[in-house]
Amino acid sequence: MKTPPFTTAQGLRLLLVRLHYSPTGTWKQDPDAHELIQFATQKYAALARKYDLAPEDAAYAAFEAMRTRAVRTAIDPWAVVTRAVQVTLIYEARAQGLLCSNHQARRPEVAAHHDAERFCERETDLTDYHPAFHAIDQFDDGHDDCAMEATGVDEPTNAWVAAERAAAIMVDNGWPQPTATGCVEYVCSQLIRSGNRATAYTRLTRDHHAEALLDLSHAHWIAVLQALLGNQLPTHERAREGRGLLQLLALGYLPGELSGVPCFADVFEATAPSHEGVSHV
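None of these values were measured; they are calculated from a predicted model.

## What about the overall build of the protein chain?
Counting its regular elements, the protein chain contains 20 helices and 0 strands. Out of the 281 residues belonging to the protein chain, those deemed buried represent 32%. Considering only intrachain contacts with a sequence separation of at least 6, the fraction spanning at least 24 residues in the protein chain is 53%.

What follows is the structure in structure tokens.
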């Protein structure tokens with residue numbers, strides 16, 4: 001059987017130059033082009049199987065490379081085609097693993113990720129091996145507490161202590177204990193869910209359910225939110241009114257320093273419910 005001329009470097013170059021300068025559609029109609037693609041499919045079939053791909057994927061990669069000027073002008077066109085096919089197959093396999101396109105898989109920031117995995121592909125549960133689900137105990141042991149007392153270092157105020165102190169200040173200014181505690185707990189829960197004061201404030205101002213349970217008018221509810229979370233206007237950002245009672249207590253302010261401050265005391269006195277509301281909103 002006679003070997004086709006395009007199996008050599010010079011023969012491939014001549015065929016590609018002829019196909020390039022031929023009218024549109026020559027690749028579909030020319031018998032030599034058809035034979036060339038079949039030859040490339042067989043030539044790179046083993047390389048495709050190495051990356052768990054079909055021989056047709058390698059043939060398409062070879063076709064795309066043969067249409068470029070770099071192959072036509074190369075000293076050894078087949079060497080350039082082989083390298084182009086290999087690179088394309090490598091990134092095609094990575095793209096299938098990453099569930100993205102071939103072009104995206106070529107980007108270093110995308111290729112750095114591991115292949116996508118189904119939860120069922122591992123014998124252990126996701127929560128057992130993934131570090132995102134690992135929790136570290138943040139509680140100090142008794143030795144650390146003794147060391148802190150010995151050195152005279154004050155323990156910083158945590159969020160729960162700040163919430164208790166905020167409720168106590170509201171009680172000092174006329175609020176019933178269950179209502180004050182329920183109000184502060186509800187505001188803190190929305191603050192944790194929202195992630196920041198501005199978003200929590202916006203959501204809470206529209207929460208008419210909480211107004212009804214606390215027996216507050218809308219104006220009084222807004223005033224309580226501004227006292228607890230701070231006035232969100234930029235002009236009050238660095239003032240006590242802008243920080244809010246909860247943030248000031250979390251920063252280490254004592255209840256005695258804030259209980260009589262007009263921006264807090266006057267608001268709580270004016271908005272105190274006439275009777276005890278629900279203890280847990």
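Now that the structure has been shown, the text picks up again.
## Quick look at the nonpolar core
What tends to happen in soluble globular proteins is that the nonpolar side chains get buried as a cluster. Counting 35 residues, the largest nonpolar core has M170, W221, L228, L245 and F268 as its most contacted members. Contributions of two or more residues to this core are made by helix 12 (159-172), helix 13 (177-194), helix 14 (197-205), helix 15 (208-214), helix 16 (218-229), helix 18 (245-250) and helix 20 (262-271). If one sorts the elements of this core by residue count, helix 16 sits on top with 7 residues. Those residues within four positions of L228 in sequence are excluded, and the remaining contacts are A166, M170, C183, V187, G244, L245, L246 and F268. Core analysis: the second largest hydrophobic core is formed by 23 residues, Y44, Y51, A65 and V85 among them.

## Some points on the side chain of T26
Looking at the element boundaries, T26 is found in helix 2 (residues 26-29). The buried category is assigned to T26, whose relative accessible area is 13%. Other than its neighbours up to four places away in sequence, T26 contacts L19 and A33.

## Some remarks on the packing of helix 3 (residues 31-43) against helix 5 (residues 55-66)
At a minimum axis separation of 8 Å, helix 3 and helix 5 run at an interaxial angle of 125°. Here helix 5 runs oblique to helix 3, going by the angle between their axes. The crossing of helix 3 and helix 5 is right-handed. Counted together, L36, I37, A40 and T41 of helix 3 and P55, A59, A62, F63 and M66 of helix 5 form the full contact between these two elements. In terms of residue class, the contact of helix 3 with helix 5 is built from 8 nonpolar, 1 polar and no charged.

## Thoughts on helix 14
Looking only at helix 14, the buried set comprises A200, Y201, L204 and T205. Buried residues of helix 14 fall within an arc of 125° about the axis and therefore sit on the same side. Residues of helix 14 that are buried in the fold lie against helix 13, helix 15 and helix 16. The distance from a side-chain oxygen at the start of helix 14 to the backbone nitrogen of A198 is 3.3 Å, and the residue carrying that oxygen is N196.

The rules behind each value
- Residues numbered from 1 in each chain as written.
- Predicted model: local features only at pLDDT ≥ 70, side-chain atom pairs only at ≥ 80, totals over all residues.
- Heavy atoms only, no water.
- Helix = DSSP H or I, 4+ residues; strand = E, 2+ residues; numbered from the N terminus.
- Buried < 20%, exposed > 50% of the residue type's maximum accessible area, 1.4 Å probe, protein only.
- Contact = heavy atoms within 4.5 Å.
- Core = buried A, V, L, I, M, F, W, Y, C linked by side-chain atoms within 4.5 Å.
- Axes fitted to C-alpha atoms, helices over the stretch in contact; angles between N-to-C directions.
- Parallel < 35°, antiparallel > 145°, perpendicular 65-115°, else oblique.
- Left-handed = near helix turned anticlockwise from the far one by under 90°.
- Nonpolar A, V, L, I, M, F, W, Y, C, P; charged D, E, K, R; others polar.
- Arc of directions from axis to C-beta.
- Polar contact = N/O pair within 3.5 Å; in protein donor to acceptor, adjacent residues only side chain to side chain.

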